[in-house]
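Given next are the chains, with one letter for each unit.
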Amino acid sequence: MTVGSNDSRSERGVGPRLALDLGERSLEACLAQAVEGFAEAFTDVHPSMQPARHPISLTAATPAGLLLAVLEECLRRGSQGEVAVGLADARIDDAGTLHAEVQVVPADDAHVNGAIPPLLSWHEVSLAAGADGRWVGRVAAR
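Every value quoted in this text rests on a predicted model; they were computed, and no experiment measured them.

Q: I'm lost on the pattern of salt bridges in this one. Help?
A: As a working rule, side chains carrying opposite charge can pair if their charged atoms are close by. Taken as a whole and assessed by the stated rule, the structure comprises seven salt bridges. A salt bridge links glutamate 101 to arginine 53; the nearest nitrogen and oxygen atoms lie 2.9 Å apart. A residue pair is termed long-range when its members are at least 10 positions apart, and glutamate 101 in strand E6 (residues 97-106) and arginine 53 in strand E4 (residues 52-59) qualify at 48 residues. Judged by its relative accessible area of 23%, glutamate 101 is partly exposed. Residue classification places arginine 53 among the partly exposed positions, given a relative accessible area of 43%. Residue arginine 138 pairs with glutamate 124 through a salt bridge whose shortest N-O separation is 3.8 Å. Of the two residues, arginine 138 sits in strand E9 (residues 135-141) while glutamate 124 sits in strand E8 (residues 122-129), which places them 14 residues apart along the sequence. On the accessibility criterion, glutamate 124 (34% relative accessible area) is partly exposed.

Following this line, the structure appears as structure tokens:
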């Protein structure tokens, strides 16, 4: 996974930029990778932090739609004063619903540096199975 974030002061009013390149053996693993990459792009969380777990169920018609729903969940957690740092016990049922536990830490903890932006504009959110059976995706946001 490649993670990038840029908060250039020369682009005032534009806000942070995010770029994630995803690649995993399963759809669930790609979604978990996206949560971790999202957190890494905006925050630095000390490894001693023990995350709390909250169950989530997200539904979308496509894998890319499910990826977007997971990213929106990360933003929602940020607005609630939490940083989503992981996705555990993820499974997708026949209806395309993701059942998982989102792992979160308090954003105001002394062991958390940085902040989740309140809003992002999604420029690219793609996720599909590749010819080799691996899932690949890309997220670009401003």
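Q: I would appreciate a short explanation of helix H1 (residues 27-42) in the present structure.
A: Every α-helical turn comprises 3.6 residues, leaving residues that sit three or four positions apart pointing alike. End to end, H1 covers 23 Å across 16 residues, agreeing with the expected 22 Å (1.5 Å per residue, within 8%). Extensive coverage of H1 is indicated by the burial of 12 of its 16 residues. Residues of H1 that are buried: Leu27, Cys30, Leu31, Ala32, Gln33, Ala34, Val35, Gly37, Phe38, Ala39, Ala41 and Phe42.

Q: Help me understand helix H2 (residues 63-79), please; the structure alone is not making it clear to me.
A: With 17 residues, H2 extends 25 Å from end C-alpha to end C-alpha; this agrees with the ideal 24 Å at 1.5 Å per step. Turning to H2, its buried residues number three or more, namely Ala64, Leu66, Leu67, Val70, Leu71, Glu73, Cys74, Leu75 and Arg77. A positive backbone phi angle near 85° is found at glycine 81, which sits one or two residues after H2.

What counts as what
- Residues numbered from 1 in each chain as written.
- Predicted model: local features only at pLDDT ≥ 70, side-chain atom pairs only at ≥ 80, totals over all residues.
- Heavy atoms only, no water.
- Salt bridge = Lys/Arg side-chain N within 4 Å of Asp/Glu carboxyl O.
- Helix = DSSP H or I, 4+ residues; strand = E, 2+ residues; numbered from the N terminus.
- Buried < 20%, exposed > 50% of the residue type's maximum accessible area, 1.4 Å probe, protein only.
- Expected span 1.5 Å × (residues − 1).

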